[in-house]
Amino acid sequence: MRRLWYFLREAFMSLRTHQASTVIGIITTAFTLTSFGTFLLLYHNMHNLVERVQTNIQIIVYPKDDIKPQMLQSLKTVIQADSAIDSFTLISKKQALKDFKHQFPDETYLLDGLGENPFPASFVLNISDHIPSTDDISNLVNRLQHNPHVERVRYNREWIERLTLVITYMEIGALIIGGVLALASITIIANTVQLAFHTRQGEIEILRLIGGTNLFISIPYLIEGAVIGGLGGGLALGFLRGGFEFFKYKTHMLSVIGGFSSMLEFFPFPLSLLLITGGILLGCLGTFISMYGWMRFRL
Amino acid sequence: MIQLFHVTKYYEGCLALSDISLRIEKGECVLLTGPSGAGKTTLLKLIFGSEHPDDGQILVQNRNIARLRRADVPYHRRTMGFVLQDFKLLPHRTVFENVALPLIIRGLSSFEARRKVIEALRAVGMEHKQPALASVLSAGEQQRACIARAIVNSPIILLADEPTGNLDPQLTTEIAELFKAINARGTTVMMATHNRQVVEQLNGRVIRLDCGHLLSDQGAYA
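Residues numbered from 1 in each chain as written. Chains lettered and ligands numbered in written order. Predicted model: local features only at pLDDT ≥ 70, side-chain atom pairs only at ≥ 80, totals over all residues.

Visitor: An account of the overall build of chain A is requested, with residue identities and associated values reported.
Guide: Within chain A one finds 10 helices and four strands. Helices (α) and strands (β) of chain A occur, in sequence order from the N terminus, as α-α-β-α-β-α-β-α-β-α-α-α-α-α. Expressed as a percentage of the 299 residues in chain A, the buried residues total 26%. Here the contacts in chain A between residues at least 6 apart in sequence split such that 87% fall between residues at least 24 apart. (Helix = DSSP H or I, 4+ residues; strand = E, 2+ residues; numbered from the N terminus. Buried ≥ 20, exposed ≤ 12 C-beta atoms within 10 Å, placed from the backbone. Contact = placed C-beta atoms within 7 Å.)

Structure below.
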């Protein structure tokens, strides 16, 4: 208990004594983690988006514009009979126009010169959960495309796969960027702690003289690094939250991507905690590197 | 207690100690004398484990210091006390905190540590200075506090490197008396000193060194 008190007191005394370098250490760590966190937040939301879309694969079938009612009924029967299709909705031309006007009230003037309703009728198909592979979807799309009453088939599988690929690249990018930023953070913290280390060299020599082990001498500095890293992480979290809310507010006002902004979400609590823990670990690692070089050759 | 067998030490090619063999028994008071550069400090550092010999063996309480692993050095140091000429106290800590440091390192309980610190401070006549910052103490008081820190762990060996080097004759007498009292309690004292007054006052075994060579060993066992 007395030891713990000693370690904490030493660490906080050093932080207070070297206020300027402590503040610089915290701010630089915060900026590094904010940069990494921004990337992580983007990745997190992209990943969420893909997951959301992947669980809701839709195929839109546009019947020929001049299709007769009995042909439309026959197409409906074909769709109904296909085992790959879980459910479907028929959106009439009239409904499609109504939906557009509801979703984009400011853009209805676009329809002014087009005369009669330009929107086609469509079947929106939901795919059964047990048909997840690309081949199965492609077969279904092929079958529908070859139907003589069908004008066009559109489905979002292709761009989901592209998005998944982008996510994979982002994962690699996150690793590289994260690595570079972590290295920068470690270097900054290592330098901050090394400064404290040099100004307290005399004190360290005394501790060695009276039998202090490297671990005993290091612990206050590790705490110091952890505090700098943790506070940097906390500050970064604050920056990210503020920036996120601001971005969400701004994008919400834009009707074109207004729907997208409502899908955005901030880091869940465990991930937020991970950012602070990451800061603490970076701080400890920076301290360890700084001390290891210093202590290695000293008896 | 302490045995040196043909110990030789170089610093960047310069001879610091040459073929030194010694045997120091428990409870002895050994005074290392000789001019500056004679090798007195090097000899103490070798026993303390802050230097390694280039040749020969050093046994301290039957433990071979020359073969001591780096990680074991702090534990070896905890068995002895070291007093230096420049005191080496933490200036912004109180006397109590300075003296308590070796006990905190050993992980003693607060109660036990307090008892031992007070005991050590009483032994050097500094009990009343517990709350004073080390930086406001006089030279003599700083050296007393330093001695208290060295003996707070009840070491078997007390090493001292010119402990009176910065003190006036009056304080030198007082500090020498302290060492005499510590030695009288059974602690082996090994002190490097230039001071003839200290040598006469402690009246111990005198080992004379010059340019790394052992010139004389008055009262040697082997």
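Visitor: Requested: an account of the overall build of chain B, with residues and values cited.
Guide: Regarding its fold elements, chain B presents seven helices and 10 strands. Here chain B, with 222 residues, has 46% of them falling under the buried criterion. In chain B, the share of contacts with a sequence separation of at least 24, taken over all contacts with a separation of at least 6, comes to 68%.

Visitor: Can you tell me about the nonpolar core, naming the residues and giving the values?
Guide: Ranked by size, the top nonpolar core spans 73 residues in total, and within it Ile-47, Ala-148 and Leu-159 of chain B carry the most contacts. When residues in this core are grouped by element, the largest group, seven residues, is from helix α3 (residues 95-106) of chain B. If near-sequence neighbours (up to four positions away) are discounted, Ile-47 of chain B is found in contact with Ile-2, Ile-58, Val-60, Ile-65 and Leu-159 of chain B. Membership of the second largest hydrophobic core comes to 29 residues, among which are Leu-15, Tyr-221, Ala-226 and Cys-284 of chain A. (Core = buried A, V, L, I, M, F, W, Y, C linked by C-beta atoms within 7 Å.)

Visitor: Lay out the interface of chain B and chain A with the relevant residues and their values.
Guide: Taken residue by residue, the interface counts 19 residues in chain B and 12 residues in chain A. Here the residues of the side of chain B that touches chain A sort into 10 nonpolar, four polar and five charged. (Nonpolar A, V, L, I, M, F, W, Y, C, P; charged D, E, K, R; others polar.)

Visitor: Run through the confidence of the model for chain B, naming residues and quoting values.
Guide: On average, residues of chain B score 90 in pLDDT, and 98% of them are at 70 or above. We note a pTM of 0.69 for the whole complex and an ipTM of 0.85 for its interfaces. (pLDDT = per-residue confidence, 0-100.)

Visitor: Tell me about the pairing of strand β1 (residues 2-11) of chain B, and please be specific about residues and values.
Guide: All names here are of chain B. Of the pairings in the sheet, the one linking β1 to strand β2 (residues 14-24) comprises seven bridges and is antiparallel in character. By the bridge assignment, Tyr-11 is partnered in β2 with Cys-14. Where β1 and strand β4 (residues 55-60) come together, five bridges link them in antiparallel fashion. Bridging from a neighbouring strand, Thr-8 pairs with Asp-55 of β4. (Pairing = 2+ DSSP bridges.)

Visitor: Let's hear about the sheet that holds strand β5 (residues 63-64) of chain B: which residues, and what values?
Guide: The four strands are arranged β2-β1-β4-β5 (chain B) in an open sheet whose pairing can be described as antiparallel. Each edge of the open sheet is held by one strand with a lone partner, namely β2 and β5 of chain B.

Visitor: Tell me about unusual backbone geometry, and name the residues and values.
Guide: In the Ramachandran plot, His-6 of chain B falls in the positive-phi region, its phi being about 50° despite a non-glycine side chain. Secondary-structure assignment places His-6 of chain B in strand β1.

Visitor: Lay out the confidence of the model for chain A in plain terms, naming residues and giving numbers.
Guide: Overall, the prediction assigns chain A a mean pLDDT of 80, with 89% of residues at 70 or greater. Mean pLDDT values for the elements of chain A range from 65 in helix α9 (residues 258-263) of chain A up to 89 in helix α8 (residues 214-252) of chain A.

Visitor: If you had to explain the sheet that holds strand β3 (residues 122-127) of chain A to someone new, which residues and values would you point to?
Guide: Residues and elements named next belong to chain A. Spatially, the four strands line up as an open sheet ordered β2-β3-β1-β4, and their pairing is antiparallel. Each end of this open sheet is capped by a strand with a single partner; those strands are β2 (85-91) and β4 (150-155). Adjacent strand axes in the sheet meet at a mean angle of 20°, parallel and antiparallel pairs treated alike. Bridging between β2 and β3 involves six bridges; their strand directions are antiparallel. Bridged to Ser-87 within β3 is Asn-126. Of the strands in this sheet, β1 (58-63), β2 and β3 are in contact with helix α3 (residues 69-81), which crosses β2 at around 160°. (Axes fitted to C-alpha atoms, helices over the stretch in contact; angles between N-to-C directions.)

Visitor: Go over the environment of Ile-127 of chain A with me, naming the residues and quoting the values.
Guide: Within the secondary structure, Ile-127 of chain A is located in strand β3. Apart from the residues lying within four places of it in its own chain, the contact partners of Ile-127 of chain A are Ile-57, Ile-59, Ala-84, Ile-85, Asp-86 and Ile-137 of chain A.

Visitor: Give me the packing of α3 of chain B against helix α4 (residues 110-123) of chain B: which residues, what numbers.
Guide: Residue and element names in this part refer to chain B. One can describe the packing of α3 onto α4 by two numbers: an axis separation of 9 Å at closest approach and a directional angle of 125°. Taken together, α3 and α4 sit at an angle that is classed as oblique. The interaxial crossing formed by α3 with α4 has right-handed handedness. Of α4, the residues touching α3 (which contributes Phe-96, Val-99, Ala-100, Leu-103 and Ile-104) are Ala-113, Lys-116, Val-117, Ala-120 and Leu-121. (Parallel < 35°, antiparallel > 145°, perpendicular 65-115°, else oblique. Left-handed = near helix turned anticlockwise from the far one by under 90°.)

Visitor: Which residues make up the packing of α3 of chain B against helix α5 (residues 139-151) of chain B, and what are the values?
Guide: All names here are of chain B. Look at α3 against α5: their axes get within 7 Å of each other, and the N-to-C directions meet at 30°. Between α3 and α5, the interaxial angle falls into the category roughly parallel. For the pair α3 and α5, the sense of crossing is right-handed. For the pair α3 and α5, contact is made by Val-95, Asn-98, Val-99, Leu-101 and Pro-102 and by Ala-145, Ala-148 and Arg-149, respectively. Grouping the amino acids of the contact of α3 with α5 by side-chain chemistry returns six nonpolar, one polar and one charged.

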